[in-house]
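Topology and contacts: notes
These are the residues of each chain, in order.
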Amino acid sequence: MTATDPLLRALAHPVRLRIVSLVWNVPLSAAELSRELGISHALASQHLRRLDAVGLVELAEVRANRGGRERRYRAVHGSPLSDQRYEGVRLIAEAMAHNLRDRAGRRQPGAEGVTSDAELWVAPEVWTDFRQRLAALFGELHDAARAPHAPGTVGIGATVMVFPLAEPAPGEPHDEPQERT
């Protein structure tokens, strides 16, 4: 994949990334998404059309609503968001960082959470086991998701990106942290 790939470009937008997350396990309409995201109905529809065009969401149901028809969409599971092996991973990271900043600003005061940042060297089997367990945990969390604000639920923010680091080529300097002045 390249940075011009339509699928990657669709995923790399913070609002579309949030939409895929919101409709992962619960179909939602453009109207429902516009209320949840605080954007116009037209903009929510535009984002849904873009996601649908690249196969990241699909029409789940059409139902009657106030004399009209409401089209509800769900995420197509197995999207490339779960395994970033392509060049454009930095675009996805930027969209995820945007959503993380937004969610961190909406964190419930005093609520418990888990925060971690790490650059570690571990045995390959430790990495493989951890990656598989983390993917399974996120799968369980996605499978348990219900509609936004459904009775008996609590909204959570979760952003994770773990990957092996490339070793610099011989003779290339390691990236050193820049000293702040």
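Residues numbered from 1 in each chain as written. Predicted model: local features only at pLDDT ≥ 70, side-chain atom pairs only at ≥ 80, totals over all residues. Heavy atoms only, no water.

The next subject is the overall build of the protein. Summing up its helical and strand segments, the protein has six helices and three strands in all. Ordered by position from N to C terminus, the α and β elements of the protein give α-α-β-α-α-β-β-α-α. Long-range pairs, those at least 24 residues apart, make up 61% of the contacts in the protein with a sequence separation of at least 6. Accessible surface, the protein as shown: approximately 13100 Å² in total, 53% of it carbon and sulfur. (Helix = DSSP H or I, 4+ residues; strand = E, 2+ residues; numbered from the N terminus. Contact = heavy atoms within 4.5 Å. Areas by Shrake-Rupley, 256 points an atom, 1.4 Å probe, with all protein chains shown as cover.)

A few words on the pairing of strand 3 (residues 68-75). Here is the key point about a regular strand: its side chains alternate between the two faces of the sheet. Both strand 1 (residues 28-29) and strand 3 contribute to a ladder of two bridges, which runs antiparallel. Opposite serine 29, over in strand 3, you have arginine 72 as the bridge partner. Connecting strand 2 (residues 57-65) to the next strand, strand 3, in antiparallel fashion are two residues, including arginine 66 with a positive phi near 55 degrees. (Pairing = 2+ DSSP bridges.)

Let us look at the packing of helix 3 (residues 30-37) against helix 4 (residues 41-53). The N-to-C vectors of helix 3 and helix 4 enclose an angle of 115 degrees; their axes lie 8 Å apart at closest approach. One way to sum up the angle between helix 3 and helix 4 is to call them roughly perpendicular. The interaxial crossing formed by helix 3 with helix 4 has right-handed handedness. Contacts from Ala30, Ala31, Leu33 and Ser34 in helix 3 reach His41, Ala44, Ser45 and Leu48 in helix 4. Of the residues belonging to the contact of helix 3 with helix 4, the class tally is five nonpolar, three polar and no charged. (Axes fitted to C-alpha atoms, helices over the stretch in contact; angles between N-to-C directions. Parallel < 35°, antiparallel > 145°, perpendicular 65-115°, else oblique. Left-handed = near helix turned anticlockwise from the far one by under 90°. Nonpolar A, V, L, I, M, F, W, Y, C, P; charged D, E, K, R; others polar.)

In contact at an axis separation of 10 Å, helix 2 (residues 14-22) and helix 4 are set at 75 degrees when each is read in the N-to-C sense. Relative to helix 4, the element helix 2 lies roughly perpendicular. Facing helix 2, whose interface residues are Val15, Arg16, Ile19 and Val20, helix 4 presents His47, Leu48, Arg50 and Leu51. The residue makeup of the contact of helix 2 with helix 4, split by class, is five nonpolar, one polar and two charged.

In this sheet, strand 3 lies alongside strand 2 in antiparallel orientation, the contact comprising eight bridges. When the sheet's bridge partners are listed, valine 57 is paired in strand 3 with alanine 75.

It is worth spelling out the nonpolar core at this point. One finds Ile19, Val23, Leu33, Leu48, Leu51 and Leu56 to be the most contacted residues of the largest nonpolar core, which totals 26 residues. Within the residue set of this core, elements represented by two or more residues are helix 1 (6-11), helix 2, helix 3, helix 4, strand 3 and helix 5 (89-105). Those residues in contact with isoleucine 19 that lie beyond four places of it in its chain are Leu33, Leu37, His47, Leu48 and Leu51. (Core = buried A, V, L, I, M, F, W, Y, C linked by side-chain atoms within 4.5 Å. Buried < 20%, exposed > 50% of the residue type's maximum accessible area, 1.4 Å probe, protein only.)

All right, on to a nonpolar patch on the surface then. On the surface, Leu120, Val122 and Val126 cluster together into a nonpolar patch covering about 280 Å² of accessible area. In this fold, leucine 120 is placed in the loop between helix 5 and helix 6 (124-144). Owing to a relative accessible area of 64%, leucine 120 belongs among the exposed residues under this scheme. (Patch = residues over 30% accessible without salt bridge, like charges linked within 9 Å, V, L, I, M, F, W, Y side chains within 5 Å. Salt bridge = Lys/Arg side-chain N within 4 Å of Asp/Glu carboxyl O.)

Time to look at unusual backbone geometry. Note on backbone geometry: most residues besides glycine have negative phi, and most peptide bonds are trans. Even without being a glycine, arginine 66 presents a positive backbone phi close to 55 degrees. Locating arginine 66 in the fold gives a position in the loop between strand 2 and strand 3. Positioned with a positive phi, histidine 149 is a non-glycine residue whose angle comes to about 65 degrees. Residue classification places histidine 149 among the exposed positions, given a relative accessible area of 67%.

The quantities given are spatial measurements derived from coordinates; they are silent on function.
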